[in-house]
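Coordinate analysis (summary)
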Amino acid sequence: MPMLSEYQPRDYACPGNGGIVCHCELVTRREIEAAFDSDIPPECIGGLRRRTRVMMGRCNGFFCSNHVAEIAGNRLYNSLVVGHIE
């Protein structure tokens, strides 16, 4: 199967993407929001990881998990948030 990036530009290279959230896998905020706005949204962090590859890079979410938790909010069955986000 051909790589999709060979035929279309990746989202991080397109304007208005909301910024890169996961720098290891180059996942943008728009990609994460699109996963939540899809017909069948992810219910857990594992589903979000499989759909977008966020937190699956070299650091395994060490740098981006806080930002992902802020974006996810209360939309996941098991939230990453341990306290209140201000």
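Above: the structure in question.
Note that the structure is a prediction, hence the values are computed from the model and not measured.

Now for the environment of Ala69. Here Ala69 is to be found in helix 3 (residues 65-72). Ala69 sits in the buried class, given a relative accessible area of 6%. Expressed as a C-alpha distance, the spacing of Ala69 and Ile45, which sit 24 residues apart in the sequence, is 9.4 Å.

A word on the environment of Ser38. Mapping Ser38 onto the fold places it in the loop between helix 1 (29-36) and helix 2 (45-52). Given a relative accessible area of 29%, Ser38 falls into the partly exposed group. A polar atom in the side chain of Ser38 sits 3.2 Å from the backbone oxygen of Ile40. Within the local environment of Ser38, its side chain forms a polar contact with the side chain of Arg51, the two groups lying 3.3 Å apart.

This model, assessed by the stated rule, comprises zero disulfides. Sulfur of Cys24: no disulfide; nearest cysteine sulfur belongs to Cys59 and is 3.7 Å away. By relative accessible area, which is 36% here, Cys24 ends up partly exposed.

Attention now goes to the pattern of salt bridges. Per the stated rule, a full pass over the model turns up four salt bridges. Measuring nitrogen to oxygen at the nearest pair gives 3.1 Å for the salt bridge that ties Glu25 to Arg53. Of the two residues, Glu25 is situated in the loop between strand 1 (20-22) and strand 2 (27-28) and Arg53 in the loop between helix 2 and helix 3; the sequence distance between them amounts to 28 residues. Note that Glu33 and Arg29 form a salt bridge whose closest N and O atoms lie 3.8 Å from each other. On the criterion of helical spacing, the pair formed by Glu33 and Arg29 is a turn pair, its members being four residues apart in helix 1. Accessibility expressed as a relative area gives 21% for Glu33, which makes it partly exposed.

The next subject is the packing of helix 1 against helix 3. For any two helices packed against each other, the geometry is given by the interaxial angle and the distance between the axes. Following both chains from N to C, one finds helix 1 and helix 3 inclined at 45°, their axes separated by 11 Å at the closest point. It follows that helix 1 is oblique to helix 3 by the angle criterion. When the axes of helix 1 and helix 3 are compared, the crossing they make is right-handed. Contacts between helix 1 and helix 3 pair Arg29, Ile32, Glu33 and Phe36 from the former with His67, Val68, Ile71 and Ala72 from the latter. Here the residues of the contact of helix 1 with helix 3 sort into five nonpolar, one polar and two charged.

Rules of the game
For every chain, the first residue of its written sequence is number 1, and the numbers climb from 1 along that sequence. Restriction of local features to residues with pLDDT of at least 70 applies here, the model being predicted, together with a cutoff of 80 or more for giving and counting side-chain atom pairs; totals for whole chains, interfaces and linings are based on all residues. With hydrogens and water excluded, all non-hydrogen atoms of the structure serve as input to the side-chain values. Runs of E in the DSSP output that reach at least two residues are strands. Runs of H or I that reach at least four are helices, and both are numbered from the N terminus. Note on classification: 1.4 Å probe, protein chains only; a residue is buried when its accessible area is under 20% of the maximum for its type, exposed when over 50%, partly exposed between these limits. N or O atoms closer than or at 3.5 Å make up a polar contact, with two conditions inside protein: a donor-capable atom paired with an acceptor-capable one, and, for residues adjacent in sequence, both atoms drawn from side chains. Any cysteine sulfur atom paired with another within 2.5 Å is treated as part of a disulfide. Definition used for salt bridges: Asp or Glu carboxyl oxygen within 4 Å of a side-chain nitrogen of Lys or Arg. Fitting a line to C-alpha atoms yields each axis, with helices limited to the stretch in contact; the angle taken between N-to-C directions then spans 0 to 180 degrees. In this scheme, roughly parallel covers angles under 35 degrees and roughly antiparallel covers those over 145, while 65 to 115 is roughly perpendicular and the rest are oblique. Here a crossing is called left-handed whenever its near helix is offset anticlockwise from the far helix by less than a right angle, and right-handed whenever the offset is clockwise. Note on contacts: a residue pair is in contact if any heavy atoms of the two residues lie within 4.5 Å. Note that Gly is not counted as nonpolar here; it falls among the polar residues with everything else outside the nonpolar set of Ala, Val, Leu, Ile, Met, Phe, Trp, Tyr, Cys and Pro and the charged set of Asp, Glu, Lys and Arg.

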